[in-house]
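Each chain is listed here by its residues.
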Amino acid sequence: MASTNGETDHVLVEAKSSVRIITLNRPKQLNALSAAMVSRLLDIFLACEEESSVKLIILKGKGRAFCAGADVAEIVHEINQGNWKSGANFSREELTMNYVMATYSKPQVSILNGIVMGGGAGASIHGRFRIATENTLFAMPETALGLFPDVGASYFLSRLPGFFGEYVGLTGTRLDGAEMLACGLATHFVLSERLPLLEEALVKANSGDPAVISSIISDFTQIPNLKKGSAYHRLGAINKCFSRRTIEEIIAALEWEAADKKDNWITSTILSLKKASPTSLKISLRSIREGRLQGIGKCLVREFRMLSHAMSGDICKDFVEWEPSKLESIGDEMVDRYFWKMDVDDDWEDLKLPVRSNLPAYAIAKL
């Protein structure tokens, strides 16, 4: 299952016994996903699912990133050329890939030894096993880009403890491997120097039994200590503030906390929210709240509608221009429109997900 992509092979596939090891191989771009890479990954996952000799998928990245997200430059270029549908169709295939991963019938082990952002989270968090290391750096930075957490993030962020998902999704805060493990985004933590041995053990086991795979990974796992300044230590304050109904109320609650005590974490959190796109904040909050009550399929269909509106600019030009620029200028009716089906022409369709028989693999680790 060799793959080619111009002069450089951006998706490498290695067969070892019953294991397929997939490596994202675009290190200079931090393994950012191009349209060709997404298409290739989807093909590989579907092919491996049909191949009875394949029992396990290992997904990893070359260099200092697992995957830093989608190739936003490629999407913005298309939008600036007046071809927003091309960008939306990229998202259509990426979200389909996320759905296949979330409902995959064989275990997926994602090795997150480096940067994991945006689309990189979508390519890993939906799988059964997510291994963080001391090099892991996770973030969903979309609200600072005029977008919102997608790739099924409204599903997995909404299932984090308390309202930690709202905090992560709205502020774009960065989490390390220990924090990913603590909140359940990662299922295991393994020191990077032990990864080759772990990979070898998984291949040698020749098993697709999740219990066997979990036991093998656990033999290499350790429980890291959270740093003193970790945001996860602030879960009480996060729940108190980020449980509020609106963005305005969340900011007001944080400012009330800041007035009561001098706290750099609260100050930086307020600053992150005030630097973010106002439209992005409002639609992101609603998306995560809706995701708490929806399955992965409905979350992805809704996110595709939101992405299509954002890329077409039919509601506002926030993705490229950040208008409106103030929270008070964004009413409920405007937010509602992002969740409506696109009405552009007879050829445009909602996201149509393939029929799948497997239940979502993603679950918050109870540690």
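The structure reproduced in this document is the subject of the present report. Note that the structure is predicted; figures quoted are calculated from it, not measured.

Let us look at the side chain of T133. Relative to the helices and strands, T133 resides in the loop between β7 (129-132) and β8 (137-139). A distance of 2.7 Å separates the side chain of T133 from the side chain of N113, its partner in a polar contact.

A word on the packing of helix α11 (residues 247-260) against helix α13 (residues 278-291). α13 packs onto α11 with a crossing angle of 100° between their chain directions and a minimal axis gap of 10 Å. With respect to their mutual orientation, α11 and α13 come out roughly perpendicular. Residues I247, E248 and I250 of α11 lie in contact with α13, whose contacting residues are L281, K282 and L285. Each residue belonging to the contact of α11 with α13 can be placed in one class, and the counts come to four nonpolar, no polar and two charged.

As a further point, take the packing of aromatic side chains. Evaluation of the coordinates by the stated rule reveals seven aromatic pairs. With 5.1 Å between their ring centres and 70° between their planes, F45 and Y104 make a pair best called edge-to-face. Residue F45 is found in helix α1 (residues 35-50), and its partner Y104 is found in the loop between α3 (84-102) and β5 (108-112); the two are separated by 59 residues along the sequence. Owing to a relative accessible area of 3%, Y104 belongs among the buried residues under this scheme. For the pair F304 and W348, a centre-to-centre distance of 6.0 Å together with 15° between the ring planes defines the contact as stacked. Placement of F304 in helix α14 (residues 296-312) and of W348 in the segment after α16 (332-337) is noted, with a sequence separation of 44 residues between them.

Before going further, it helps to examine the packing of α13 against α14. It is the contact of α13 with α14, at a shortest axis distance of 10 Å, that shows an interaxial angle of 165°. With respect to their mutual orientation, α13 and α14 come out roughly antiparallel. Crossing of α13 against α14: the hand is right-handed. Counted together, I283, S287, E290 and G291 of α13 and C299, R302, E303 and M306 of α14 form the full contact between these two elements. Of the residues in the contact of α13 with α14, the class split is three nonpolar, two polar and three charged.

On the surface, D343, D346, D347 and E349 cluster together to form a negatively charged patch. Its location among the elements puts D343 in the segment after α16. Judged by its relative accessible area of 76%, D343 falls in the exposed class.

For F138, the location among the structural elements is in strand β8. Looking at F138, the relative accessible area reads 0%, which means it is buried. Spatially, the C-alpha atoms of F138 and G114 are 8.3 Å apart, while their sequence positions differ by 24 residues. With residues near it in sequence (within four places) discarded, F138 still touches V116, A121, I125, F156, V168, T173, R174, L175, M180 and L185.

Rules used throughout
Residues numbered from 1 in each chain as written. Predicted model: local features only at pLDDT ≥ 70, side-chain atom pairs only at ≥ 80, totals over all residues. Heavy atoms only, no water. Helix = DSSP H or I, 4+ residues; strand = E, 2+ residues; numbered from the N terminus. Polar contact = N/O pair within 3.5 Å; in protein donor to acceptor, adjacent residues only side chain to side chain. Axes fitted to C-alpha atoms, helices over the stretch in contact; angles between N-to-C directions. Parallel < 35°, antiparallel > 145°, perpendicular 65-115°, else oblique. Contact = heavy atoms within 4.5 Å. Nonpolar A, V, L, I, M, F, W, Y, C, P; charged D, E, K, R; others polar. Phe/Tyr/Trp six-rings, centres within 6.5 Å; stacked < 30°, edge-to-face > 60°. Buried < 20%, exposed > 50% of the residue type's maximum accessible area, 1.4 Å probe, protein only. Left-handed = near helix turned anticlockwise from the far one by under 90°. Patch = residues over 30% accessible without salt bridge, like charges linked within 9 Å, V, L, I, M, F, W, Y side chains within 5 Å. Areas by Shrake-Rupley, 256 points an atom, 1.4 Å probe, with all protein chains shown as cover. Salt bridge = Lys/Arg side-chain N within 4 Å of Asp/Glu carboxyl O. Lys, Arg positive; Asp, Glu negative; His and termini not counted. Charge placed at Lys NZ, Arg CZ, Asp CG, Glu CD.

By themselves these figures say nothing about function.
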